[in-house]
Amino acid sequence: MQPRVSRRKAIASALGAAAAVTSTFPVVRAFAQGSLQATTPLGASTKKLASPPEPVSVPDYEFLAHERMSHPAWEYINSGSADEITLRWNREALTRIRLKPRVMIDVSRVDTRIKLFGQEMSHPILLAPTSTHMLAHPEGEVATARGASAADAVMVISTLSNRRVEEIARASTRPTWFQLYVEDDRAVTKDLILRAEEAGCRALCITVDLPIVYARDRETHLGSKPPQFPFPNLKITAGPGGRGRKGGRSSKFTWKDLEWIQSFAKTPILLKGVLNPDDADQAAKMGVAAVVVSNHGGRALDSVPATIDALPVIVDRLAGRIPVLVDGGIRRGTDVLKGLANGATAVLIGRPYLYGLAVAGPDGVRHVVEILRTELEAAMVLTGRPSIAAIDRSVLWPA
């Protein structure tokens, strides 16, 4: 499926639309005007764009985003922690998995619908929570929400968004979820949850794998004075991802604190960042609605397993008690299929939609999701699986 508009027209339209927000967010004015100084936000590159063909795959968008974005913005979005072993493993593990096709099966109709927490979704590809979308587009997460809606995809709004959760939810015509970093200040945490629920977010996704930031060498090499961005959900201004902010993620969040959140939260609760089957088992016993098998895109503890390797172990331990979602390294529709075959109910993408956002704004986000959905449908046809329910481990060639 080709984009509705050319890449150049989409970029021009995205930047034009941004003019209205630059007065509200002066930090992005230089971005919108194409002028970059050391004290202005990271985003647009001063490199001259090549003229490759229109993007038809996530790797195409990755290439174009690399050309479009400044070096610091690219480093922040694409870097992992320490030696980036886990970052590499996420992709390498997916490429090692072989598919086992079936033939002579009626695949004239393909059904990608799923249901989660009573919400029917037309496909199992969700937008994972990522921070600082103004690195990729002046309108930040509002632009992402419009693209996600056009692709009929659920967007998980990050605590560390550059736009208020209320604004992002209003910009979306599809359901949204809210990702929470638990703060030591319980009043701040409770206020965030209540605001997200009031805004209409239908699930609460609590990140549990980053009580402290491990070695981020590539980020550190960018310097000690990064450009500042608004993070209105926390009422602060800070570097990308909230870098340099006072306070921060709680290192004291325990299962007991989860009970406190469960006592007042009205929406289903997911725990994101689960890699240990013992933790998954405890989550199910605590009444959590689902877990997300995630290693934070290789940005938390380095040398932990690829998510696709941890996924089947956790699925087997849970034995169907609660749904399991997975993220990490997904770049093709076959990757989505491999996640579903290993027991995931749905998958989440992070960097791919940021590439689309950087290249063509909301239309780029839409197109990235549609590319993955189209590839998934083709992979289902070629493996003889006409529905999501028909996908199981028999799709995979034995190791």
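Colleague: Whenever I open this one, the packing of helix 13 (residues 333–341) against helix 14 (residues 351–382) confuses me. Can you help?
Modeller: Packed helix pairs are specified by the crossing angle of their axes together with the interaxial distance, meaning the distance between the axes. Where helix 13 meets helix 14, the closest approach of the two axes is 7 Å, and the angle between their N-to-C directions is 65°. Crossing of helix 13 over helix 14 shows right-handed handedness. From helix 13, Gly 333, Thr 334, Val 336, Leu 337 and Leu 340 reach across to helix 14, where they touch Leu 372, Glu 375, Leu 376, Ala 379 and Met 380. Each residue belonging to the contact of helix 13 with helix 14 can be placed in one class, and the counts come to seven nonpolar, two polar and one charged.

Colleague: Please clarify how the pairing of strand 9 (residues 269–272) should be interpreted in this entry.
Modeller: Taking every second residue as pointing to the same face, both faces of strand 9 are buried, with Ile 269 and Leu 271 on one and Leu 270 and Lys 272 on the other. Bridging between strand 6 (residues 204–207) and strand 9 involves four bridges; their strand directions are parallel. Residue pairing in the sheet places Leu 204 in a bridge with Ile 269 of strand 9. In this sheet, strand 10 (residues 290–293) lies alongside strand 9 in parallel orientation, the contact comprising three bridges. Residue pairing for strand 10: Leu 271 is matched across the bridge by Val 291. For the crossover that starts at strand 9, traverses helix 11 (residues 277–285) and ends in the parallel strand 10, the hand is right-handed.

Colleague: Please clarify how the nonpolar core should be interpreted in this entry.
Modeller: Note that soluble globular proteins tend to have their nonpolar side chains buried in a common cluster. Residues Trp 177, Phe 178, Leu 180, Leu 204, Ile 206, Ile 261 and Leu 325 are the most contacted members of the largest nonpolar core, which totals 113 residues. Broken down by element, the residue count for this core peaks at 15 residues, all from helix 14.

Colleague: What am I meant to see in the packing of helix 5 (residues 85–96) against helix 12 (residues 307–318) here?
Modeller: In contact at an axis separation of 8 Å, helix 5 and helix 12 are set at 70° when each is read in the N-to-C sense. Viewed along their axes, helix 5 and helix 12 adopt a mutual orientation that is roughly perpendicular. Here Asn 90, Ala 93, Leu 94 and Arg 96 of helix 5 come into contact with helix 12, specifically with Thr 307, Ile 308 and Asp 309. Broken down by class, the residue content of the contact of helix 5 with helix 12 amounts to three nonpolar, two polar and two charged.

Colleague: Got a minute to help me understand the environment of Ser 251 in this structure?
Modeller: Relative to the elements of secondary structure, Ser 251 occurs in the loop between strand 8 (236–238) and helix 10 (255–262). Spatially, the C-alpha atom of Ser 251 lies 8.9 Å from that of Val 182, the residues being 69 residues apart in sequence.

Colleague: I keep staring at the pairing of strand 5 (residues 176–180) and nothing clicks. Help me out?
Modeller: Residues in a regular strand point their side chains to alternate faces of the sheet. Of all five residues making up strand 5, five are buried, and the element is well covered by its neighbours. Residue alternation in strand 5 divides its side chains into two sets, Thr 176, Phe 178 and Leu 180 and Trp 177 and Gln 179, and both sets are buried. Direction of pairing for strand 4 (residues 155–157) relative to strand 5: parallel, over a ladder of three bridges. Across the sheet, residue Val 156 finds its bridge partner in strand 5, namely Trp 177.

Colleague: Explanation requested: the packing of aromatic side chains in the structure shown.
Modeller: Aromatic rings in a pair are described by how distant their centres are and how their planes are angled relative to each other. One pass over the structure, following the stated rule, counts three aromatic pairs. Pairing Trp 74 with Tyr 355 gives two aromatic rings, centres 5.7 Å apart and planes at 25°, and the pair type is stacked. With Trp 74 in helix 4 (residues 71–78) and Tyr 355 in helix 14, this pair connects stretches of sequence that are 281 residues apart. Pair check on accessibility: Trp 74 and Tyr 355 agree, each one buried. With a centroid separation of 5.0 Å and 65° between ring planes, the pair formed by Trp 260 and Phe 264 is classed as edge-to-face. For the cation-ring pair, Arg 186 lies above Trp 260, with the distance from its terminal atom to the ring centre recorded as 4.4 Å. Sitting above the plane of the Tyr 76 ring, Arg 299 keeps its charged end 4.8 Å from the centroid.

Colleague: Sorry, what's going on with unusual backbone geometry here?
Modeller: For residues other than glycine, phi is negative in most cases, and the peptide bonds are mostly trans. For Ala 82, which is not a glycine, the phi torsion comes out positive at approximately 50°. Tracing the chain through its elements places Ala 82 in the loop between helix 4 and helix 5. The phi dihedral of Thr 132 is positive, around 60°, even though this residue is not glycine. Here Thr 132 shows up in the loop between strand 3 (125–127) and helix 6 (141–150). Residue classification places Thr 132 among the buried residues on the basis of a relative accessible area of 2%.

Colleague: Where do I start with helix 12 in this structure?
Modeller: Structural remark: α-helix, 3.6 residues per turn; residues separated by three or four positions point the same way. Across its twelve residues, helix 12 extends 16 Å between first and last C-alpha, which sits within 8% of the 16 Å expected from 1.5 Å per residue. Among all positions in helix 12, only Thr 307, Ile 308, Ala 310, Leu 311, Pro 312, Ile 314, Val 315 and Leu 318 are buried. Packed against the buried residues of helix 12 are helix 5, helix 11, strand 10, strand 11 (324–327) and helix 13. Just downstream of helix 12 lies Ala 319, where phi reads positive at about 50°.

Colleague: Help me understand the environment of Thr 374 in this model?
Modeller: Within the secondary structure, Thr 374 sits in helix 14. Relative accessible area serves as the criterion here: at 35%, Thr 374 is assigned to the partly exposed category. In this structure, the C-alpha to C-alpha distance between Thr 374 and Gly 333, residues 41 residues apart in sequence, is 7.3 Å.

Criteria and cut-off values
- Residues numbered from 1 in each chain as written.
- Predicted model: local features only at pLDDT ≥ 70, side-chain atom pairs only at ≥ 80, totals over all residues.
- Heavy atoms only, no water.
- Axes fitted to C-alpha atoms, helices over the stretch in contact; angles between N-to-C directions.
- Helix = DSSP H or I, 4+ residues; strand = E, 2+ residues; numbered from the N terminus.
- Left-handed = near helix turned anticlockwise from the far one by under 90°.
- Contact = heavy atoms within 4.5 Å.
- Nonpolar A, V, L, I, M, F, W, Y, C, P; charged D, E, K, R; others polar.
- Buried < 20%, exposed > 50% of the residue type's maximum accessible area, 1.4 Å probe, protein only.
- Pairing = 2+ DSSP bridges.
- Right-handed = clockwise from strand over helix to strand, strands pointing away.
- Core = buried A, V, L, I, M, F, W, Y, C linked by side-chain atoms within 4.5 Å.
- Parallel < 35°, antiparallel > 145°, perpendicular 65-115°, else oblique.
- Phe/Tyr/Trp six-rings, centres within 6.5 Å; stacked < 30°, edge-to-face > 60°.
- Lys NZ or Arg CZ within 6 Å of the ring centre and 35° of its normal.
- Expected span 1.5 Å × (residues − 1).

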